[in-house]
Every structure is written in C-alpha cells, then in structure tokens.
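Overview (structure and organization)
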Amino acid sequence: MLQYDCAGRLALASLVAVAGMVFLVPATRAEVPQDAHRAFYSISTGRLTGAATIIGVSGAMTSEWERGCDGWTATQKLVVSMERQEGPAVVSEVSASVFEAHDGTRLRFTSRTTIDNEVIEQVRGRAQRPSSDAPGQAVYMEPAGLTVKLPAGTLFPYQHTLAMIDAAVSGASRDFSPFFDGSQPDNSPLDVNSLILGNAHPADEGPESRLGPLMAHRWWPVRMAFFSHGDASGEPVIEMTQYVQENGVVRRFTFDYGDFDIVATLERIEPIEALACK
C-alpha cells in the first residue's frame, strides 16, 4: 500500500537523519559538538510527475534527541495527510523511540504506524553486541520471536550520523555502511550509501539560518539511499536528500518516491539541556 510505504519510510528517515546530540567527536573527526534539540518540521508536497497517484501532502514532524547518563533517547512523531487522485485523503501517523547506549553496544527501539487510526505495524525490541563494531543480534518482542543478525560494523542511528558528518568534514564524497534502528524488520539491517553533494555551505545561507543559535553552523546536502543488506545493486528501500549541519541539525529533508517528493522543512528548533550525571 503506497500510503503505508510512505509513512514507514518517513519514520525510518526521521530516525536516521535527525540525530543531534551533545557529544564531542574526537579531534581527528568532526570537531563541533552535536547539539541536543527538539525540532519541528512542516510536511509538504515537492516534485510531482504526471504518473503520481498522490496529488498533495501536508502534515508535521517533531523530532527530539535527549542525552541521558547511559545513552541517548530519540523520539519522533509524524502525522501526514495524503490527497489522492481518487478517493478521500489518507492520514498516516508514526511514532517512534530509540535508546542508544553511549558505547554503542545496546539499542532499544519501538515504533507504531497507523493509517486512518488502524494500526498497520508495531515493532518493539532491543539489540546488543559486545562492542560497537562487533557482530550482534536484535531480538523483537513485537513481532514476537523475530531475530535479526547484525554484521560487524553495523551502525546505530547516532553512530551513523557521526560517520556521515565525519565524511563531509574530511572532504570525502561518500560513506557506505550497514545500518540498524529497529524499523523495517523485514529489510533489516539496511545498507546505506551516503553521497556528500559538494562543499559545505555557510551557516547564513538559506531561510533556516534565522531560527536561532543552533543554526549557526555550516551544512552539506547529502543524498542517501538505503538498500536491503547485501543488495546494493537492487532498488533502494528509501531515497532521500537532507541538508545536515556540522552540529547534527537537519535543515531540510526531501524524500524521493519516484513519481513524487515529500519535503520536510524545519520551522522551529529549541535546545534541550543535558542531564547532570555523576
């Protein structure tokens, strides 16, 4: 179902890309601290072709990343109304939460997707491995009994954000990594190919620069394609372009569905104060 496909892919994209947290990257990598924040995006229609069955999209997305003493918690809420050429509009809602340990060894995840108030998919589980770059395994409580093996080098959401920013800062044009966040269990883990599209843009370029101090950072357009693991020559599960800042804030997403695009534009952003940990 097209509407469910859009909602699920938007949920995954929000976990992948809106990853900003207060964490100092080693000096050999990106040197700007990642900023914990709460971001509010408007959802609108981008490109439409004559073959598109969707004629309009509207909605909102909220994304929050918060630092805890043991790790980082990300929560996302997405509501999208899709107008079709025939029939009434369809309303999709996605809520998701991920906890990622500071050392990259543990991940807890949950997500719920509804279409017109009917639950279409619900996932809940956890992943564990002995070290951040070692093989591991994810065990799902929903759907019950499902397990997914994670190959060595699989990146959790925050790890992936650091790798992408590191590639951009170092002047690389590409980063390719296996990725896991618990969503899309039938396709997990995914392989993500990130292409950095040119040099950094200055902080004051673009309308988002007016949104406050968190926007005072250079940014890069990054094109990302997600594939089923080991099938990078096939059709991507997800394709999107994002404008990502050096501090982890994403200014804009463009989700590519072939016949049409959905655009998420940052409208408001606020910092989240870190907890005091012993």
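The present account deals with the structure reproduced in this document. Values in this document were obtained by computation on a predicted structure and should not be read as measured data. (Residues numbered from 1 in each chain as written. Predicted model: local features only at pLDDT ≥ 70, side-chain atom pairs only at ≥ 80, totals over all residues. Heavy atoms only, no water.)

Counting 39 residues, the largest nonpolar core has Tyr41, Ile43, Phe226, Phe253, Leu266 and Ile269 as its most contacted members. Looking at this core element by element, the count peaks at five residues for strand β14 (residues 260-271). Among the nonpolar cores identified, the runner-up in size contains eleven residues, and Leu107, Val123, Ala127 and Val148 belong to it. (Core = buried A, V, L, I, M, F, W, Y, C linked by side-chain atoms within 4.5 Å. Buried < 20%, exposed > 50% of the residue type's maximum accessible area, 1.4 Å probe, protein only. Helix = DSSP H or I, 4+ residues; strand = E, 2+ residues; numbered from the N terminus.)

In this section: unusual backbone geometry. With omega at -5 degrees, the peptide bond leading from glutamate 142 into proline 143 counts as cis. Take proline 143: it is sitting in the loop between β7 (136-142) and β8 (147-150). Put simply, serine 188 and proline 189 share a cis peptide bond, and its omega is -10 degrees. Take proline 189: it is sitting in the loop between β9 (174-179) and β10 (190-196). Phi at aspartate 116 is positive, roughly 50 degrees, even though this residue is not glycine. Counting through the fold element by element, aspartate 116 comes out in the loop between β5 (106-115) and β6 (118-128). Despite not being glycine, glutamine 184 has its phi angle at roughly 50 degrees, a positive value. By the element assignment, glutamine 184 lies in the loop between β9 and β10.

On to the packing of aromatic side chains. How two aromatic rings sit relative to each other is set out by the distance from centre to centre and by the angle between their planes. Tallying each qualifying case throughout the model produces eight aromatic pairs. On the basis of an interplanar angle of 15 degrees and a centroid distance of 5.5 Å, the ring pair of phenylalanine 253 and phenylalanine 255 is categorised as stacked. Looking at phenylalanine 253, the relative accessible area reads 0%, which means it is buried. Using a relative accessible area of 1% as the deciding quantity, one classes phenylalanine 255 as buried. A centroid spacing of 5.3 Å and a plane angle of 20 degrees characterise the contact between tyrosine 257 and phenylalanine 260, whose relative ring orientation is stacked. (Phe/Tyr/Trp six-rings, centres within 6.5 Å; stacked < 30°, edge-to-face > 60°.)

The next subject is the pairing of strand β12 (residues 238-245). Most of β12 sits out of view: six of its eight residues are buried. Pairing between strand β11 (residues 219-228) and β12: eight bridges, direction antiparallel. Bridging across to β12, tryptophan 219 finds its partner in glutamine 245. Where β12 and strand β13 (residues 250-256) come together, five bridges link them in antiparallel fashion. (Pairing = 2+ DSSP bridges.)

Here the focus is the side chain of glutamine 76. Considering the arrangement of structural elements, one finds glutamine 76 in strand β3 (residues 71-84). Classification of glutamine 76 by relative accessible area gives buried; the value is 6%. A polar contact is formed between the side chain of glutamine 76 and the side chain of serine 63, at a distance of 3.1 Å. (Polar contact = N/O pair within 3.5 Å; in protein donor to acceptor, adjacent residues only side chain to side chain.)

The next thing to look at is the environment of threonine 53. Along the chain, threonine 53 falls in the loop between β1 (37-48) and β2 (54-67). The sequence separation of threonine 53 and phenylalanine 260 amounts to 207 residues, and the corresponding C-alpha distance is 8.9 Å.

Taking 1.5 Å per residue, 13 residues should reach 18 Å; helix α2 (residues 157-169) reaches 19 Å between its end C-alpha atoms and fits that length. With eleven of 13 residues buried, α2 is to be regarded as a mostly interior element. What α2 keeps buried is the set Pro157, Tyr158, Gln159, His160, Thr161, Leu162, Ala163, Met164, Ile165, Ala167 and Ala168. Trailing α2 by a residue or two, glycine 171 shows a phi angle of about 90 degrees, which is positive. (Expected span 1.5 Å × (residues − 1).)

This next bit is on the side chain of asparagine 247. With respect to the helices and strands, the residue asparagine 247 is situated in the loop between β12 and β13. Assessed through its relative accessible area of 0%, asparagine 247 is described here as buried. Side-chain polar atoms of asparagine 247 contact the backbone oxygen of leucine 214, separated by 3.0 Å. At 3.4 Å, the side chain of asparagine 247 forms a polar contact with the backbone nitrogen of valine 249.

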